[in-house]
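Structural characterization, general
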Amino acid sequence: MSETLFVNAEAEPLAEQDPNWWRQAAVYQIYPRSFADGNGDGIGDLAGIISRVPYLEALGVDAVWLSPFYPSALADGGYDVDDYRDVDPKIGTLEQFDVMTRALHDAGIKLIVDIVPNHSSNRHVWFREALASPKGSPARGRYIFRDGVGPDGTEPPSDWTSIFGGSAWEPVGDGQFYLHLFAPEQPDFNWDNPEVREDFLTTLRFWADRGVDGFRVDVAHGLAKKLTDDPLPTHADLELAEAVRDGAHMLWDRDEVHDIYTQWRAVLNEYDPPRTAVAEAWVHASRRPRYASPDGLGQAFNFDLLQAGFDAAEFRRIIGDNLELAARSGSSTTWVFSNHDVVRHATRYGLPRHAGGDTTASQEWLRQGGNEAVLDRALGLRRARAAILLMLALPGSAYLYQGEELGLHEVADIPDSARQDPTFFRNAGVEIGRDGCRVPLPWTASGPSLGFGDGAPHLPQPAWYADHAVEAQTADGTSTLSLYREALALRRRLQGDEELAWIDSGDPRVLHFRRPGGWHSVTNFGSAPIPLPAGSVVISSAPLTEQQLPGNATAWLVE
Ligand code: GLC
Ligand code: CA
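A brief look at the structure comes next. (Residues numbered from 1 in each chain as written. Chains lettered and ligands numbered in written order. Predicted model: local features only at pLDDT ≥ 70, side-chain atom pairs only at ≥ 80, totals over all residues. Heavy atoms only, no water.)

Let us look at the pattern of salt bridges. Scanning the entire structure with this criterion turns up 34 salt bridges. For Arg-142, the salt bridge is made with Glu-195, and the minimal N-O distance between the two is 3.1 Å. Here Arg-142 is found in the loop between helix 5 (125–132) and strand 4 (145–147), whereas its partner Glu-195 is found in helix 6 (residues 194–209), with 53 residues between them in sequence. Here Arg-367 makes a salt bridge to Glu-364, at a shortest N to O gap of 2.4 Å. A residue pair is termed a helical-turn pair when its members lie 3 or 4 positions apart in one helix, as Arg-367 and Glu-364 do in helix 12 (residues 359–367) at three residues. (Salt bridge = Lys/Arg side-chain N within 4 Å of Asp/Glu carboxyl O. Helix = DSSP H or I, 4+ residues; strand = E, 2+ residues; numbered from the N terminus.)

Structure (structure tokens):
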């Protein structure tokens, strides 16, 4: 079916200098320490990425989003940044960064880097200076320090817990505590401090000057905070305020955060084409457009599909709502099924409906030991293949997470001794954490780390990883890797304006929409086959029988 069609499916990369390149880009997330290891020390690095640029080019992605590569003690996988304007010596040098950027650009691939402005690491020069300086000093004013409370001032300023568990306050030994909404190694910046603001503008320029095309903004909704004078509200009070989130919450999604992004936008617009930015903002959907506005960062993640089950009605509602929200902001929307923070979607979709396709329920499954007996691996992968064809047919940007193109499942059985995620350590082994989606990629079916590098990988790879190796999938026209390559090539060729028109199939298990130019996507969320509409099938996520689309499958047709 598809073979003949793909002979001519050579696609032009998106126009190099098109300022709107990001609106419908396919963006591939690289978690650098687990992608490819160039020097055999078990940690993925920039040399590894450079060596795999031809792979990314053949895959057909428009951009790479590179998770943090900055100097870091890796208390939170690199989201604890020691120095925002350098490369971690464990994974490369600034010179290699430039070589990597050039190699990507030469292959027609843009580069988006992660920027982590809510907190630095505790090894950042400013934080070390803060610790060495007295209470009330300007150095402490760059972070959020408060006096302890209680009869002898030894208790934390409030009972707030950090997102990774445990207190959100860490004592520094002189009666003061600092705030860390994440790990203790991640002290929160004080964004009321002009030096902090200025320094991040310098950082944006530093990378934009080096040719970076855009930024993924970590915890974008957390920067502006307004803590009351004593006493601080209790954790329970804050949780109640959480439900409202109308711009006045003490910690999250405050209206003033947008003043910061107005300044950032001015800097990003100093460049030609303007640099892009995408907010990681866990906010109510109605508040997303401000982050995504052209006067702000320009785009914001929507994690709605990532949190949904494999369900036609849920998908339909989420797609409709987000196209509408994106139109309201003047931006395009973003779609994502997997990233470095959640259980891989092939696994989520293989869990029983009551265990949920959604991320919370899959975390629960992990917590209970990741029981293989309740996971239907084949069904999960089949649905993941159906879902990606649906997603790649949608208007907006598609964010792909390394390894999903290989149909990788979550690694549920990492030994405790090998785990790295602070979530695991700060919850006394109750939370399992995110290591299972961060296991180094299998490039070959054999070798010390399945082609990831020459040494033992920093997280152990399970035996079944070998079956997913790039090498084996490249040669197999029916593999998930081949499906991604073909779909991405077709998407480039078929992609036009951002409109989408729903076509009512009369069947609640089916989602069918048409894109400009006569491009159709039909997904059968049910299990029994359905007749396909008229048109020529150009790709399908599972083999068709006659004009029938089997269950848990998607096909694209052209008129
Ligand atoms: C974001 C990142 C996550 C990190 C956290 C703290 O949510 O995606 O990996 O742990 O921010 O920086
Ligand atoms: Ca290495």
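Continuing now.
Here the focus is the packing of helix 6 against helix 8 (residues 257–268). Where helix 6 meets helix 8, the axes come as close as 10 Å, and the angle between the chain directions of the two elements is 35 degrees. Helix-helix and strand crossings are classified by hand; for helix 6 and helix 8 the assignment is right-handed. Contacts from Arg-197, Phe-200, Leu-201, Leu-204 and Arg-205 in helix 6 reach Asp-259, Ile-260, Gln-263, Trp-264 and Val-267 in helix 8. Each residue belonging to the contact of helix 6 with helix 8 can be placed in one class, and the counts come to six nonpolar, one polar and three charged. (Axes fitted to C-alpha atoms, helices over the stretch in contact; angles between N-to-C directions. Left-handed = near helix turned anticlockwise from the far one by under 90°. Contact = heavy atoms within 4.5 Å. Nonpolar A, V, L, I, M, F, W, Y, C, P; charged D, E, K, R; others polar.)

Contact pair helix 13 (residues 377–392) / helix 16 (residues 480–494): the axes reach a minimum separation of 10 Å and the direction vectors enclose 10 degrees. With respect to helix 16, the axis of helix 13 lies roughly parallel. Across from Leu-381, Arg-385, Ile-388, Leu-389, Met-391 and Leu-392 in helix 13, the residues of helix 16 making contact are Thr-480, Leu-483, Tyr-484, Ala-487, Leu-488 and Arg-491. Tallied by class, residues from the contact of helix 13 with helix 16 come to nine nonpolar, one polar and two charged. (Parallel < 35°, antiparallel > 145°, perpendicular 65-115°, else oblique.)

Quick look at the pairing of strand 8 (residues 276–279) now. Residues of strand 8 alternate between two faces, with Thr-276 and Val-278 on one and Ala-277 and Ala-279 on the opposite face, all of them buried. In the sheet, strand 7 (residues 214–217) pairs with strand 8 via four bridges, with the strands oriented parallel. When the sheet's bridge partners are listed, Phe-215 is paired in strand 8 with Ala-277. Two strands pair when backbone bridges link them, and strand 8 and strand 9 (residues 298–300) are joined in this way by three bridges, in the parallel orientation. (Buried < 20%, exposed > 50% of the residue type's maximum accessible area, 1.4 Å probe, protein only. Pairing = 2+ DSSP bridges.)

With parallel pairing, eight strands are arranged side by side in an open sheet as 9-8-7-3-2-1-11-10. Strands with a single pairing partner mark the edges of an open sheet, and in this sheet they are strand 9 and strand 10 (334–336). The average undirected angle you get between the axes of adjacent strands in this sheet is 25 degrees. Examined bridge by bridge, strand 1 (residues 26–30) and strand 11 (residues 397–401) share four bridges and lie parallel to one another. When the sheet's bridge partners are listed, Gln-29 is paired in strand 11 with Tyr-401.

Read across the sheet, three strands follow the order 4-6-5 without closing on themselves; strand pairing throughout is antiparallel. Strands at the two margins of the open sheet, each flanked by one partner only, are strand 4 and strand 5 (169–171). Averaged over all pairs of adjacent strands, the angle between strand axes in this sheet comes to 35 degrees, irrespective of strand direction. Bridging between strand 5 and strand 6 (residues 176–179) involves three bridges; their strand directions are antiparallel. Within the sheet, the bridge partner assigned to Trp-169 lies in strand 6 and is Leu-179.

Each protein donor to the calcium ion (ligand 2) is listed here as Asp-37 (OD), Asn-39 (OD1), Asp-41 (OD), Ile-43 (O) and Asp-45 (OD); together their distances run 2.3 Å. Within one chain, the residues serving as donors to the calcium ion (ligand 2) are arranged as D-x1-N-x1-D-x1-I-x1-D. A relative accessible area of 52% places Asn-39 in the exposed class. (Donors = N, O, S within 2.8 Å, 3.2 Å for Na, K, Ca; no water.)

In this section: helix 10 (residues 312–329). End to end, helix 10 covers 26 Å across 18 residues, agreeing with the expected 26 Å (1.5 Å per residue, within 8%). Turning to helix 10, its buried residues are Ala-312, Phe-315, Ile-318, Ile-319, Asn-322, Leu-325, Ala-326 and Ser-329. Where helix 10 is buried, its residues contact helix 9 (288–292), strand 10, helix 13, strand 12 (501–502) and strand 13 (510–515). Where helix 10 begins, the capping side chain belongs to Asp-311, and its oxygen is found 3.1 Å from the backbone nitrogen of Ala-313. Looking at the residues trailing helix 10, positive phi occurs at Gly-330, about 85 degrees. (Expected span 1.5 Å × (residues − 1). Polar contact = N/O pair within 3.5 Å; in protein donor to acceptor, adjacent residues only side chain to side chain.)

Here we take up the site of ligand 1. Residues in close proximity to ligand 1 total 14 residues, the closest being Asp-76, Asp-218, Glu-280, His-340 and Asp-341. Between ligand 1 and the protein, one listed contact pairs an oxygen atom with a side-chain N or O atom of Asp-76 at 2.6 Å. For ligand 1, whose unbound accessible area comes to 310 Å², protein coverage reaches 95%. In this structure the site holding ligand 1 corresponds to the largest pocket. (Near = heavy atom within 4 Å. Areas by Shrake-Rupley, 256 points an atom, 1.4 Å probe, with all protein chains shown as cover. 1 Å grid on protein atoms, 1.4 Å probe; cavity = no way out; pocket = protein on both sides within 12 Å on 5 of 7 lines; lining within 4 Å. Sits in = over half its atoms within 2 Å of the grid points.)

A few words now on the side chain of Arg-287. Assignment of secondary structure puts Arg-287 in the loop between strand 8 and helix 9. In this structure Arg-287 comes out as buried when scored by relative accessible area, which is 15%. At 2.8 Å, the side chain of Arg-287 forms a polar contact with the side chain of Asp-255. For Arg-287, the residues in contact, after removing those within four places along its chain, are Arg-245, Asp-246, Gly-247, Asp-253, Arg-254 and Asp-255.

A separate point is the packing of aromatic side chains. In total, this model carries 41 aromatic pairs according to the counting rule given. The interplanar angle of 75 degrees and the centroid separation of 4.8 Å between the aromatic rings of Tyr-55 and Trp-443 together place this pair among those described as edge-to-face. Here Trp-443 lies in the loop between helix 14 (422–425) and helix 15 (470–474) and Tyr-55 lies in helix 3 (residues 53–59), a separation of 388 residues in the sequence. Taking relative accessible area as the criterion, Trp-443 reaches 3% and is therefore assigned buried. A centroid spacing of 6.3 Å and a plane angle of 75 degrees characterise the contact between Phe-337 and Tyr-349, whose relative ring orientation is edge-to-face. Of this pair, Phe-337 sits in the loop between strand 10 and helix 11 (345–348) while Tyr-349 sits in the loop between helix 11 and helix 12, placing them twelve residues apart in sequence. In this structure Phe-337 comes out as buried when scored by relative accessible area, which is 0%. (Phe/Tyr/Trp six-rings, centres within 6.5 Å; stacked < 30°, edge-to-face > 60°.)

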